[in-house]
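Listed here are the chains, written in short residue letters.
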Number of protein chains: 2
Amino acid sequence: MHITIQRDTLIQAIQDVAKAVSSRTTIPILTGIKLEAHGDGMTLTGSDTEISIERTIYAEENGTSYVTVHRAGSVVLNARFFGDIVKKLPTDEVIIEVSPNFMTRIQSGTAEFHLNGLDSDEFPRLPQVDGGQQFRLPADLLRSMIRQTSFAVAVQETRPVLTGVNFSADKGILTCVSTDSHRLALRRAQFETENEISFQNVIVPGKSLNELSKLLGDGHVDVTITNQQILFKMKHVLFFSRLLDGNYPDTSRLIPEEYRTAVRMNAKELLQAIDRASLLAREDRNNVIKFAAEGTTAVEISSHSPEVGKVSEQVSILSLEGEELKISFNSKYMMDALKALDATDIEIQFTGSIRPFILHPVDQDNVLQLILPVRTA
Amino acid sequence: MHITIQRDTLIQAIQDVAKAVSSRTTIPILTGIKLEAHGDGMTLTGSDTEISIERTIYAEENGTSYVTVHRAGSVVLNARFFGDIVKKLPTDEVIIEVSPNFMTRIQSGTAEFHLNGLDSDEFPRLPQVDGGQQFRLPADLLRSMIRQTSFAVAVQETRPVLTGVNFSADKGILTCVSTDSHRLALRRAQFETENEISFQNVIVPGKSLNELSKLLGDGHVDVTITNQQILFKMKHVLFFSRLLDGNYPDTSRLIPEEYRTAVRMNAKELLQAIDRASLLAREDRNNVIKFAAEGTTAVEISSHSPEVGKVSEQVSILSLEGEELKISFNSKYMMDALKALDATDIEIQFTGSIRPFILHPVDQDNVLQLILPVRTA
């Protein structure tokens, strides 16, 4: 392998695939990035057991030359050293040349590195995703579906399926659901497909989705789902993730269909008031704050810590429908939910102070957040 | 105590004094900031055993009102909670009112906090710095003297005096020296005083100087030195630091007065080449890189790690005077020194490959960096 490549293009490509390289593995080949020069340009690949990312740099695009392949071939280089070195090279043009023993010369200006490389035949193969269900989504829609649900996956692995976001599709509607059993996030979207697509129980690890989210640009994403893998195909990037084994719980029956109290208010004002109240709720109070809806003009947000002090604040509301109510909940869950709703005005629907309550944007039901309250004395 | 104060002014003042509040102490009063409202406005104080910072907010300055004192008094509030709360208050105007039991009401818009306060009589007194030697320095000069020396203090406390910067003054010249016994940084400056000032062995903890540096604005600083304390007096801030006990070593005899090799080169080009070479010198090589001056056009910077690979780079020089030379040194020390010199072109003077060498800006000797080389096989 022998190529001449633009430094900044190479830096970006290394950053993209490095998201799939584990820093904690002790298997040398898995600490590496695979470089492959071929007729179309160059391909970089990073892989751990969960995620694989393949990034292609085409020789030429829109009349600009990004990489010149003098001799095809491949090598695996340590991701950290290779990445650090390329970032600090002195000139825009970088020459990479691999010897038969995989010793790799990286030259830029008068600086010359020789890195010990590894045989790319030892590098893990990419997962096979032949067949499977396929559909296409706008990249920005997928990004917002991830942002609105992935934060609510379980962190602890006591029930592994809950560490993922459950994707399902039926009748032209794609649904993402996540829950850590204290709260739930749901986002639905219409999508167009050539064939009728229907699937359920496709559980993508939250960690994979967070990494994917950083790679989503403009344009669209082609999604392929097989039994064990999901592939997100973008213009220059293939992103593979393992799916989680097991059955995702039926969350539909958790969501109350009726309510006894509905409060409409400005999301940002509520978020800021809860943020302030949570300052005193952090440590000994386990983030629990109180919410009292007892009039038609404002709700009271309050919190009390015997050691530190107390706080209370009136937040004006747009409307109160139904019964008055006092309820306590985890302020972090509420702040996460309010940020995820991404709306100016929201409605909160309660069915009593010890029942789960839901939030959604006023006059919109394609996104929903559910929170379990905390019982207080 | 009862005041109305501008939120942003208060945020800034809290940040300033919080630098002196230890987060690790278990003594409640030392986790606090003392607030005092008086005839001139308001004073905030933070203090640990090493540093005390007093910040005054005058009632009015340049026609702008910053604080209105309705009732004089004082209280001590937990620095972290108070700081976090004030930062998140909803309106520009903040009312603070202290009850006789030190319960403190903080009100802003419809948000109302009640914080448990402490009796300010329990708060440590500020050090006494009556008498002592006094002089005045431009703030930017003091900042650059700190920046050029404080990085080279010892981190380990095996010889406590080396964790400080040694200040001395004689014949209108102020000198700062620091060394961790592997390298040394020295900065001299002329300064004007009304009386003849002469002192030596004034050892200020490096940590204190780093905190002071963040508070130095424009204008000038009045410095007062007593046996155990140094006071830096700025327009709104008093900064007290304990001095280190003990005798600072005589460093003047460490600095070679002659040289056998002198190389002049661009500081930035050398810094970047050493930064690159250090990428392979980090772990198993303990940051050691090689420097070879064997011609009149360039020096070679190189490094070799059996596990990772090797790197070499030619860096052009302005001149080589004297003998050819190969030497090895810690790349981190060299990079620190080059950054501290703050010069376009520098001269490095060597007296052999196992002797300390010095760096200074070409045609300037008010700043000097010394580094001990590393013996390699």
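Residues numbered from 1 in each chain as written. Chains lettered and ligands numbered in written order. Predicted model: local features only at pLDDT ≥ 70, side-chain atom pairs only at ≥ 80, totals over all residues. Heavy atoms only, no water.

Peer 1: Explain the overall build of chain A to me, please; I cannot follow it from the model alone.
Peer 2: Of the regular secondary structure elements, chain A holds 6 helices and 28 strands. Counting only C-alpha atoms and orienting by the principal axes, one finds that chain A spans roughly 75 × 55 × 40 Å. By residue count, 54% of the 377 residues in chain A fall in the buried class. Long-range pairs, those at least 24 residues apart, make up 66% of the contacts in chain A with a sequence separation of at least 6. Carbon and sulfur atoms make up 44% of the accessible area of chain A, which totals about 17700 Å². (Helix = DSSP H or I, 4+ residues; strand = E, 2+ residues; numbered from the N terminus. Buried < 20%, exposed > 50% of the residue type's maximum accessible area, 1.4 Å probe, protein only. Contact = heavy atoms within 4.5 Å. Areas by Shrake-Rupley, 256 points an atom, 1.4 Å probe, with all protein chains shown as cover.)

Peer 1: Quick question: what am I supposed to make of the interface of chain B and chain A here?
Peer 2: One frequently used descriptor of interface size is the decrease in accessible area upon assembly of the parts. Counting from both sides, the interface comprises 29 residues of chain B and, opposite them, 29 residues of chain A. Among the residues of chain B in contact with chain A, Lys88(B), Arg276(B) and Leu279(B) are the three that bury the most area, contributing 21% of the side total. Joining chain B to chain A, the criterion identifies 2 salt bridges. A salt bridge links Asp275(A) to Lys88(B); its shortest N-O distance comes to 2.8 Å. (Buried area = accessible area lost by both parts, 1.4 Å probe. Salt bridge = Lys/Arg side-chain N within 4 Å of Asp/Glu carboxyl O.)

Peer 1: It is not clear to me how the sheet that holds strand E14 (residues 173–179) of chain A should be interpreted in this structure. Could you clarify?
Peer 2: Residue and element names in this part refer to chain A. Taken together, 9 strands build an open sheet; the order of strands is E16-E13-E14-E15-E28-E27-E26-E20-E24 and the sheet is antiparallel. Bordering the open sheet on either side are strand E16 (199–205) and strand E24 (319–322), each of which pairs with just one other strand. Between one strand axis and the next, the sheet turns by 20° as a mean value, whatever way the strands run. Pairing between strand E20 (residues 261–266) and E24: 4 bridges, direction antiparallel. Bridge pairing in E24 places Thr261 opposite Gly322. On the sheet, helix H3 (residues 139–149) packs against strand E13 (164–170), E14, strand E15 (183–190) and strand E28 (367–371) and is oriented at approximately 165° with respect to E15. Across the face of the sheet, helix H4 (residues 206–215) comes into contact with E13 and E16 while running at roughly 75° to E16. (Pairing = 2+ DSSP bridges. Axes fitted to C-alpha atoms, helices over the stretch in contact; angles between N-to-C directions.)

Peer 1: Honestly, H4(A) in this entry has me stumped. Any pointers?
Peer 2: Owing to its 3.6 residues per turn, the α-helix brings residues three or four apart onto one side. In terms of burial, H4(A) is a largely internal element, 7 of the 10 residues being buried. Those residues of H4(A) that sit buried are Gly206(A), Ser208(A), Leu209(A), Glu211(A), Leu212(A), Ser213(A) and Leu215(A).

Peer 1: Can you walk me through the environment of Ser52(B) in this structure?
Peer 2: Residues and elements named next belong to chain B. Here Ser52 shows up in strand E4 (residues 51–58). Residue Ser52 is classed as buried on the basis of its relative accessible area, which comes to 6%. Separated by 220 residues in sequence, Ser52 and Gln272 place their C-alpha atoms 39 Å apart. Excluding its chain neighbours within four sequence positions, the residues that come into contact with Ser52 are Ala20, Gly46, Ser47, Leu126, Pro127, Leu238, Phe239 and Phe240. Here Ser47 takes part through its side chain, which lies 2.8 Å from a polar atom of the side chain of Ser52. (Polar contact = N/O pair within 3.5 Å; in protein donor to acceptor, adjacent residues only side chain to side chain.)

Peer 1: Please clarify how the packing of helix H1 (residues 7–18) of chain A against helix H2 (residues 79–87) of chain A should be interpreted in this entry.
Peer 2: For any two helices packed against each other, the geometry comes down to the angle between their axes and how far apart the axes lie. All names here are of chain A. Running from N to C, H1 and H2 cross one another at 150°; their axes reach a closest spacing of 9 Å. What the angle tells us is that H1 and H2 run roughly antiparallel. In this structure, H1 crosses over H2, and the sense of that crossing is left-handed. Where H1 approaches H2, its residues Arg7, Leu10, Ile11 and Ile14 are matched on the opposing element by Phe82, Gly83, Val86 and Lys87. Counted by class, the contact of H1 with H2 contains 5 nonpolar, 1 polar and 2 charged residues. (Parallel < 35°, antiparallel > 145°, perpendicular 65-115°, else oblique. Left-handed = near helix turned anticlockwise from the far one by under 90°. Nonpolar A, V, L, I, M, F, W, Y, C, P; charged D, E, K, R; others polar.)

Peer 1: Mind showing me how you'd approach the UniProt feature "domain: DNA polymerase III beta sliding clamp N-terminal" (unreviewed entry) in chain A here?
Peer 2: In the numbering adopted here, UniProt assigns the feature "domain: DNA polymerase III beta sliding clamp N-terminal" (unreviewed entry) to residues 1–127 of chain A. For residues 1–127 of chain A, helix accounts for 17% and strand for 47%, while the C-alpha atoms at its two ends are 25 Å apart. (UniProt positions renumbered as here; feature names shortened; annotations may be inferred.)

Peer 1: How should I be thinking about the domain arrangement of chain A in this particular structure?
Peer 2: All names here are of chain A. When its domains are assigned, chain A resolves into domain 1 (2–122), domain 2 (136–233 + 241–251) and domain 3 (255–371). Along the contact surface separating domain 1 from domain 2 lie 1 salt bridge. Here Glu50 ties to Arg242 by a salt bridge, and the two come within 2.4 Å at their closest N and O atoms. For the pair domain 1 and domain 2, the number of links is 1 residue pair in polar contact (both at pLDDT 80 or more). In the side of domain 1 that touches domain 2, the residues fall into 2 nonpolar, 1 polar and 4 charged. (Domains from an automatic or database assignment.)

Peer 1: I tried to follow the sheet that holds strand E10 (residues 103–108) of chain A on my own but got confused; where do I start?
Peer 2: By definition, the strands of a sheet pair up through backbone hydrogen bonds, in either a parallel or an antiparallel sense. In space, the 9 strands of this open sheet follow the order E7(A)-E1(A)-E9(A)-E10(A)-E11(A)-E23(B)-E22(B)-E21(B)-E25(B), with antiparallel pairing throughout. Strands at the two margins of the open sheet, each flanked by one partner only, are strand E7 (67–71) of chain A together with strand E25 (325–330) of chain B. The mean inter-strand angle of the sheet, taken between neighbouring strand axes irrespective of direction, is 15°. Across 6 bridges, the pairing between E10(A) and strand E11 (residues 111–116) of chain A is antiparallel. Across the sheet, Met103(A) pairs through a bridge with Asn116(A), a residue of E11(A). Those strands touched by helix H5 (residues 267–278) of chain B are E11 of chain A together with strand E21 (288–293), strand E22 (298–305), strand E23 (309–316) and E25 of chain B, and its axis lies near 175° from that of E23(B).

Peer 1: When you look at the pairing of strand E2 (residues 32–38) of chain B in this model, what are you seeing that I'm missing?
Peer 2: Remark: a regular strand shows side chains that alternate across the two faces of the sheet. Residues and elements named next belong to chain B. Extensive coverage of E2 is indicated by the burial of 5 of its 7 residues. Judged from the 6 bridges that link them, E2 and strand E8 (residues 73–78) form a sheet pairing that is antiparallel. Bridge pairing in E8 places Ala37 opposite Gly73. Here E2 pairs with strand E3 (residues 41–47) via 5 bridges, running antiparallel. Bridge pairing links His38 to Gly41 in E3. Taken together, E2 and the strand that follows it, E3, pair antiparallel across an intervening segment of 2 residues.

Peer 1: Is there a simple way to explain the environment of Val362(B) in this structure?
Peer 2: All names here are of chain B. Looking at where Val362 falls in the secondary structure, it is placed in the loop between strand E27 (357–361) and strand E28 (367–371). Separated by 27 residues in sequence, Val362 and Met335 place their C-alpha atoms 17 Å apart. Residues contacting Val362, with those up to four places away along its chain left out, are Arg264, Asp345, Ile346 and Glu347.

Peer 1: Just to check I follow, could you spell out the relation of the copies chain B and chain A for this structure?
Peer 2: A rotation about an axis combined with a shift along that same axis relates the two copies of the chain. Its rotation angle being 180°, the transformation that places chain B on chain A also includes 0.0 Å of axial translation and leaves an RMSD of 0.0 Å. Between the two chains, the operation in question is that of a two-fold axis. Comparing interface residues between copies, 100% of those in chain B also lie at the interface in chain A; the contact surface is shared. (Least-squares fit on C-alpha atoms with pLDDT ≥ 70 in both.)

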